[in-house]
Amino acid sequence: MGAVTDDEVIRKRLLIDGDGAGDDRRINVLLKGFTKWCNSPGTPEEGFTQYQRMMGILAQCEFSMGKTLMVYDMNLREMENYEKIYTNIEQNITSAHDKIAECKKEIQRAKRIRKNRQEYDALAKVIQQHPDRHETLKQLEALDKELQQLSHIKENVDAKLELRKKQFHVLLSTIQELQQTLENDDKSDNDENSHESPAQNGE
C-alpha cells in the first residue's frame, strides 16, 4: 500500500511540475494572472488580452501534463518490459543451470563408458593372446596322439631293450660255457701230456 501511495504522490508531482521546465512557475503566474484579471477594472480589450495570455499558459501546462502522462505511461510499459526481460533472464539462467547439470551427467556417463571400453579392449587383447576353445581342443588332441605315439615307442624300446638283455645274457652264458669248455680242453690236453711223458721216459 505504501508503494502505491508513493507512486500516486510522484504522479501528482509530475502532473504539477511536468518535466521540470517551470510548470510550477507557470501555474503560479496563471493563478496571479487570473486573480488580477478578475479584479482588474481595465478595458475589455485589456481583459481579453489577459485572457488570451492565461489560456496560452494553461495550454502550455496541459501540454506539459500530457507529455508527462505519456512519459509516465512509457515508463510503466518499460518497467513491465524490464520485468518480462528479467523473468526471461531468470528462466534462461535456470535453464542454463539445468543444461550444465545435464552436461555434467553426460560427461560422467561418457567417462564411465570410455573407461568400460578401455577395460573391454584390454580384456579383448588378453583374450586374443590365448587360443580359442576349438584351437585348444585341437592342440590337446594332437598332444594326446603324440603322447600315445611316444608311449608306443617307449613300449617298443622297452621290448627291444628286454630282448637285448636276454640276448646279452644268452651271449654271456655262451661265452662262459665256451670259456669253460676251453679251460676243460686245456686241462685235458695238459693231463694227456703229463701221462705221455712218463711213458716215453720208460722206453
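Residues numbered from 1 in each chain as written. Predicted model: local features only at pLDDT ≥ 70, side-chain atom pairs only at ≥ 80, totals over all residues. Heavy atoms only, no water.

A.B. asks: What is the right way to look at the overall build of the chain in this model?
C.D. replies: If you tally the helices and strands in the chain, you get four helices and zero strands. Written out in order from the N terminus, the α and β elements of the chain read α-α-α-α. The contacts in the chain between residues at least 6 apart in sequence include a share of 58% that link residues at least 24 apart. On the chain, roughly 18,000 Å² of surface is accessible, and the fraction owed to carbon and sulfur atoms is 58%. (Helix = DSSP H or I, 4+ residues; strand = E, 2+ residues; numbered from the N terminus. Contact = heavy atoms within 4.5 Å. Areas by Shrake-Rupley, 256 points an atom, 1.4 Å probe, with all protein chains shown as cover.)

A.B. asks: What's the story with the pattern of salt bridges in this structure? I'm lost.
C.D. replies: Any two side chains of opposite charge can pair, on the condition that their charged atoms come close. In this structure the tally under the stated criterion is three salt bridges. Between Asp158 and Lys154 there is a salt bridge, with the nearest N and O atoms lying 3.0 Å from each other. With Asp158 and Lys154 both in helix H4 (residues 133–202) and four residues apart, the pair spans about one turn of that helix. You can call Asp158 partly exposed: its relative accessible area is 37%. Through salt bridges that share partners, Glu102, Glu106 and Arg109 make up one connected network. (Salt bridge = Lys/Arg side-chain N within 4 Å of Asp/Glu carboxyl O. Buried < 20%, exposed > 50% of the residue type's maximum accessible area, 1.4 Å probe, protein only.)

A.B. asks: How should I be thinking about a nonpolar patch on the surface in this particular structure?
C.D. replies: Together, Phe34, Trp37, Phe48, Tyr51, Met55 and Leu58 make up a nonpolar patch on the protein surface, roughly 550 Å² of accessible area in all. Every element with two or more residues in the nonpolar patch is listed here: helix H2 (23–39) and helix H3 (44–128). The leading source of residues in the nonpolar patch is H3, at four residues. Relative to the elements of secondary structure, Phe48 occurs in helix H3. (Patch = residues over 30% accessible without salt bridge, like charges linked within 9 Å, V, L, I, M, F, W, Y side chains within 5 Å.)

A.B. asks: Any chance you could explain the confidence of the model for the chain here in plain terms?
C.D. replies: Low pLDDT marks regions whose predicted coordinates should not be analysed in detail. Scored by pLDDT, the chain comes out at a mean of 78, with 79% of its residues at no less than 70. Looking over the chain, one finds the lowest element-wise mean pLDDT in helix H1 (residues 2–17), namely 53, and the highest in H3, namely 86. (pLDDT = per-residue confidence, 0-100.)

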